[in-house]
Every structure is written in C-alpha cells, then in structure tokens.
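# An overview of the molecular structure
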Amino acid sequence: MADNKAEFQAGGVSHNFNIKDGAIGPSVVDISSLYKNSGMFTYDPGFTSTASCESKITYIDGDQGTLLYRGFPIEQLADHGDFLETCYLLLYGELPNKVEKDDFVNRVTYHTMIHEQMSRFFSGFRRDAHPMAIMVGTVGALSAFYHDSTDIADPHQRMIASLRMIAKMPTIAAMAYKYHIGQPFVYPRNDLDYASNFLHMCFAVPCEEYKVNPVLARAMDRIFILHADHEQNASTSTVRLAGSSGANPFACIAAGIACLWGPAHGGANEAALNMLSEIGSVDRIPEYIARAKDKNDPFRLMGFGHRVYKNYDPRARIMQKTTHEVLGELGIKDDPLLDVAMELEKIARSDEYFVEKKLYPNIDFYSGITLRALGFPTNMFTVLFALARTVGWIAQWKEMVEDPSQRIGRPRQLYTGYPERDYTPIDQRR
Ligand code: CMC
C-alpha cells in the first residue's frame, strides 16, 4: 500500500485506488472504479468493512466507546443541552445561539398539530395493533396530507418537511398509544417544552388535570438526545437508500421506522425488558448466561453487543444514570428488574465469553427499565426510539439529497443461483 494509494492485484493485473482520509477514524479505500477497471465487485455482506457514504454528522469510535454529534460528545449534550437544541445541531451543523434557538423552537412548535383528517386514519387500525405498525402506516401517510412539502428538489419544502416530522412525531406517537389503550387523543400543548408536551399527550386525560413532573420530562428529553442519531446504522441506511431514488421524505422516514422495528435494532429495548421479566430473579441468571453462550440455542442477551461498540456503549452509561434518577424521583426503591439487570451486567462482564467477544451493554439494556418506570408499556419503547431518531434520519437524508454527487443506491451481488436454462412446459416438470 503506497502513501495515499491502495494496490489490488487480480489476474496478474494491479489496480490502484485512492485512499481517502476522514477527519478522524479509519481511512477508506475508494473502490468506486473497481468494477469498471477489473470487472469485479467487492463482497461485504452486512457492510462490516464498507463505508456507504461520506458524512459530517455523527462519529462513533467503537473501540473507545465515543459518540460525537457534529463533534460534540454525547455526554456533554446529554448533561447540558436539550433535545431541540440537539435537533438544530444535527440539522444545521452548529449549536444555535439564543435567537436561533428561540426561532427554531417556535418553528417546530408551530407544526405540532396534525391534519384533523389524519386522526380518522387511526381508527382504521385494530385496537391491538402494535404501535410501531401504526407508526409505519401513519408516518407514510403524511405524504398524502402535506403535498406542499414533498418536492425534494426545493430546499424550502425540504426544511418544512423536516420541521413537520420533528414536530408531529410526538403527536403521532402519543395518538398511536392513546388509540391502543382506548383513550381519547390529547391535542399538543404549545406552552410546554418538547418532552413535557409528549408526556402530556400520552398521560393526560380530559377528565382531570395532569401536571408534568419536570424531573421526568428532563429524563425523557435526555432519552431523546441519546437516541437522536447513530451514523450509518440499519434504519439510517434504509432511509438513505429509500431517499436515493428521490422518494418523498415522509415515505423515507416510514421506511426507517419499519427497519428500526426489528429486534436486532430498535426493537431490542422491548426485547431486553421482556427478557429481564422472563429471567425474573437473580438466581435464574446463570441459566440465561449459559443459553446465550450455547451455539445451539438462538437465545441472545438482548441489550448486549453492538456491531460498532467493542467497549461500553456511552449511551448505556448515561441511560443507567437516568434510570436511577427516574426511579429515585418516583420513589421506587426496589425494582426487581433493575436488580436482575445490574447482576446480569456484572456476571456477563466478568464471563470469558462476553469479555472475549467484547459484548457490553448497549443503550437498550437500561432504557426499557426507565421507560417502564415513566409509565410506558413495552410495545411503546421502539416508538419512542423512532420519535427521537427521526431527526437523525432527516439530517442524514438532507445531507444525502444536498450532496451534488448523490446517485441512486444500487448494491451489486454475488450470484450463486442457476446459470441460464430453458423454460420447461408444465407437463414435462417433475
Ligand atoms: N448474546 C450472546 N452472544 C452474542 C450477542 C448477545 N447479545 N451478541 C453477539 N453475540 C455473539 C455472536 O453469537 C457471535 O458469536 P460467534 O462469533 O461465536 O459466532 C459474536 O458475538 C458476534 O456477533 P454478531 O452477531 O456477528 O455481531 P453483529 O455485529 O452482527 O451483531 C448485534 C450486533 C447488536 C445485532 C448483536 O450483538 C445482537 O444481536 N445483540 C442483541 C440485540 C441488541 O441488543 N440490539 C441492539 C443494538 S443497539 C441499538 C440499536 O442500534 O438499535
């Protein structure tokens, strides 16, 4: 490998490729001309060694356990910032000054209501529908209601669509929850901050006053910050791929929500809490650790392991602190599931299997306990993740659409099926 070139030998011919350096993190070999020059593709299922794009938004150092949004450590944003400020940062690249922040908060707040006709859309779902199923459908349906923000070539429409989604996602998520439990929808209250308004829409009922607890609202806001972006994960890559065809922004975000739902991704918070409940008591932990290590058992410790983090997920550390704050505020002195979680973490972190494979708790390990204490049922956990991740998806989608070199995403394949063969008439088939 030369200084800024990588050499690749194939069939006795050598090909040179430029090495591109990032601001921090591993460099990449630009193999975009490989097929043209050699007639070969690269093969990297699961994208373990492939950078799919160039981005200035989020940086993760998985070995160090570092997460930066636009260069700012997640710990500092979670401690000193708030979610809407984080949204501004992700979208525009800098922290807002006071005037910019007030203006942004106003613009988001102005869009919190949804088209009244959309509320009827919810009643088409079965009451027992998973709220993520409702989210996929209703967020996709936004493109049927907001025609003036679907032209992706118009920067103004792109920005309006972005603000609309950040503003309306809590309203839609709360409506999915209310519909599911059979309570009337609660309209947004624009005098409340983002997280307080969301808690109000979820937990207020028309027949009595509901006062938002500021400690719990702050915890909710911090949970939103922690989930706001995570570079090119499965759902973000889904949004980028959907958007690369020129699809409208609402449809792209609906695609991201669908991808996030899977238990290996955002669905892990629900799966982790279900697992902790199933384990139930500290004395049953060894049985589950043994199952997680057994190659013939598909069981995995949910909330453990990460494709990128080979060290403690920095979000998990903040989440664990938030869990203690929320339980303390609610006067929950003993939560058996927290006891199981902490003991499970302790045992797993000293077990050779987990140590050797560098499997640490991820954000989903403690988020379920916190969200449950806040009053959310397990099937809402991934919805909250989707709500918070919406800004990351939008920022990444905007970055892609605004990149002049952007082309439709079109991975290639290693074909291992039949070579060409002739059609057999039905009476000659075995
Ligand atoms: N429990 C037991 N073994 C595990 C676990 C686990 N949670 N995670 C990975 N392993 C083992 C796995 O069996 C494999 O072993 P071997 O090399 O002997 O075959 C090795 O560790 C590497 O695992 P992998 O599946 O090749 O790693 P991956 O990068 O493809 O998967 C992951 C990453 C997050 C999907 C996986 O760790 C996992 O399934 N974790 C549980 C689900 C979870 O908590 N997901 C949330 C991720 S964080 C939030 C988000 O991004 O959405």
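So, a few notes on the structure that sits alongside this text.

What counts and how
For every chain, the first residue of its written sequence is number 1, and the numbers climb from 1 along that sequence. Given that this is a predicted model, residues contribute local features only at a pLDDT of at least 70 and side-chain atom pairs are listed and counted only at 80 or more, while totals for whole chains, interfaces and linings are drawn from all residues. In computing side-chain values, all of the structure's heavy atoms are included and hydrogens and water are not. When at least one non-hydrogen atom of a residue lies within 4 Å of a molecule or strand, that residue is treated as near it. Two N or O atoms count as a polar contact when they lie within 3.5 Å, although within protein this holds only if one can serve as hydrogen donor and the other as acceptor, and sequence-adjacent residues are included solely when both atoms are side-chain atoms. Computed with the Shrake-Rupley method and a 1.4 Å probe, the accessible areas treat only the protein chains shown as cover for residues. Every axis in this analysis is a line fitted to C-alpha atoms, fitted for helices over the stretch in contact. Angles between the N-to-C directions lie between 0 and 180 degrees. By the criteria applied, helices consist of DSSP H or I runs no shorter than four residues and strands consist of E runs no shorter than two, each listed in order from the N terminus. For this classification, under 35 degrees means roughly parallel, over 145 means roughly antiparallel, 65 to 115 means roughly perpendicular, and everything else is oblique. Take the far helix as the reference: if the near one is turned anticlockwise from it by less than a right angle, the crossing is left-handed, and if turned clockwise, right-handed. We call two residues in contact when some of their heavy atoms are within 4.5 Å. Residue type decides the class: Asp, Glu, Lys and Arg count as charged, Ala, Val, Leu, Ile, Met, Phe, Trp, Tyr, Cys and Pro as nonpolar, and the leftover types, Gly among them, as polar. Any two cysteine sulfur atoms lying within 2.5 Å of each other are counted as a disulfide. Here's how the labels work: a residue is buried when its accessible area is under 20% of the maximum for its type, exposed when over 50%, partly exposed in between, all with a 1.4 Å probe on protein chains only. Two strands qualify as a pair provided that DSSP identifies no fewer than 2 bridges between them. Any two of the Phe, Tyr and Trp rings considered here, Trp counted by its six-membered ring, make a pair once their centres fall within 6.5 Å; the pair's planes then place it as stacked at under 30 degrees, edge-to-face at over 60, or tilted in between. Residue count minus one, scaled by 1.5 Å, sets the expected span of a helix.

With that out of the way, let us pick up the site of the ligand. Around the ligand sit 21 residues, and of these His-265, Lys-295, Leu-301, Arg-307 and Lys-357 come closest. Taking Lys-295, its side chain carries an N or O atom lying 2.6 Å from an oxygen atom of the ligand. Contact distances for the ligand include 2.8 Å between an oxygen atom and a backbone N or O atom of Gly-303. Across the complex, the protein chains shield 75% of the 940 Å² of accessible surface that the ligand would expose by itself.

The subject of this paragraph is the packing of helix α3 (residues 83-92) against helix α18 (residues 381-401). Between α3 and α18, the shortest axis-to-axis distance is 9 Å and the interhelical angle comes to 15°. By the angle between their axes, α3 is roughly parallel relative to α18. Like other packed secondary-structure pairs, α3 and α18 cross with a definite hand, here right-handed. Within the contact between the two elements, α3 uses Phe-83, Cys-87, Leu-90 and Leu-91 and α18 uses Ala-388, Val-391, Ile-394, Ala-395 and Lys-398. In the contact of α3 with α18, the residues fall into eight nonpolar, no polar and one charged.

Here we come to the state of the cysteines. By definition, a disulfide links the sulfur atoms of two cysteine residues through a covalent bond. Tallying each qualifying case throughout the model produces zero disulfides. Note on Cys-87: no disulfide assigned, nearest cysteine sulfur contributed by Cys-202 at a separation of 17 Å. Judged by its relative accessible area of 1%, Cys-87 falls in the buried class. Since its relative accessible area comes to 1%, Cys-202 is described here as buried.

Taken in spatial order, the three strands of this open sheet run β1-β2-β3, and their pairing is antiparallel. Of all strands in the sheet, those with a lone pairing partner are β1 (5-10) and β3 (28-29), marking the two edges.

Under the defined criterion, the tally for this structure stands at 23 aromatic pairs. Residues Tyr-88 and Phe-104 carry aromatic rings whose centres are separated by 5.5 Å and whose planes lie at 85° to one another, so their mutual orientation is edge-to-face. Taken together, the positions of Tyr-88 in helix α3 and Phe-104 in helix α4 (residues 98-109) put the pair 16 residues apart, joining distant regions of the chain. Considering the side-chain rings of Phe-203 and Phe-376, the 4.9 Å spacing of their centres and the 50° angle between planes classify their relative orientation as tilted. Taken as a pair, Phe-203 in helix α8 (residues 194-203) and Phe-376 in the loop between α17 (363-374) and α18 lie far apart in primary sequence, 173 residues in all. Joined through ring pairs, the aromatic side chains of Phe-83, Tyr-177, Tyr-194, Phe-198, Phe-203, Tyr-210, Phe-224 and Phe-376 make up one cluster.

Our next topic: helix α12 (residues 268-279). Its twelve residues give α12 an end-to-end C-alpha distance of 16 Å, which sits within 8% of 16 Å, the value for a rise of 1.5 Å per residue. Along α12, the residues that are buried comprise Ala-268, Asn-269, Glu-270, Ala-271, Ala-272, Leu-273, Met-275, Leu-276 and Ile-279. Buried residues along α12 sit against α13 (285-293), α15 (336-350), α17 and α18. Just downstream of α12, Gly-280 is the residue with a positive phi angle, here 75°.

Let's shift gears to the environment of Glu-116. Mapping Glu-116 onto the fold places it in helix α5 (residues 116-122). For Glu-116 and Phe-145, which are 29 residues apart along the polypeptide, the C-alpha to C-alpha distance reads 10.0 Å. A distance of 2.9 Å separates polar atoms of two side chains, one belonging to Glu-116 and the other to Tyr-187.

What follows is about the sheet that holds strand β4 (residues 58-61). Strand order in the open sheet formed by three strands is β4-β5-β6, with antiparallel pairing between adjacent strands. Each edge of the sheet is formed by a strand with only one pairing partner; in this case those strands are β4 and β6 (72-73). Where strand β5 (residues 66-69) and β6 come together, two bridges link them in antiparallel fashion. The partner of Leu-68 across the bridge, within β6, is Pro-73.

As far as function goes, none of this settles anything; it's purely spatial.
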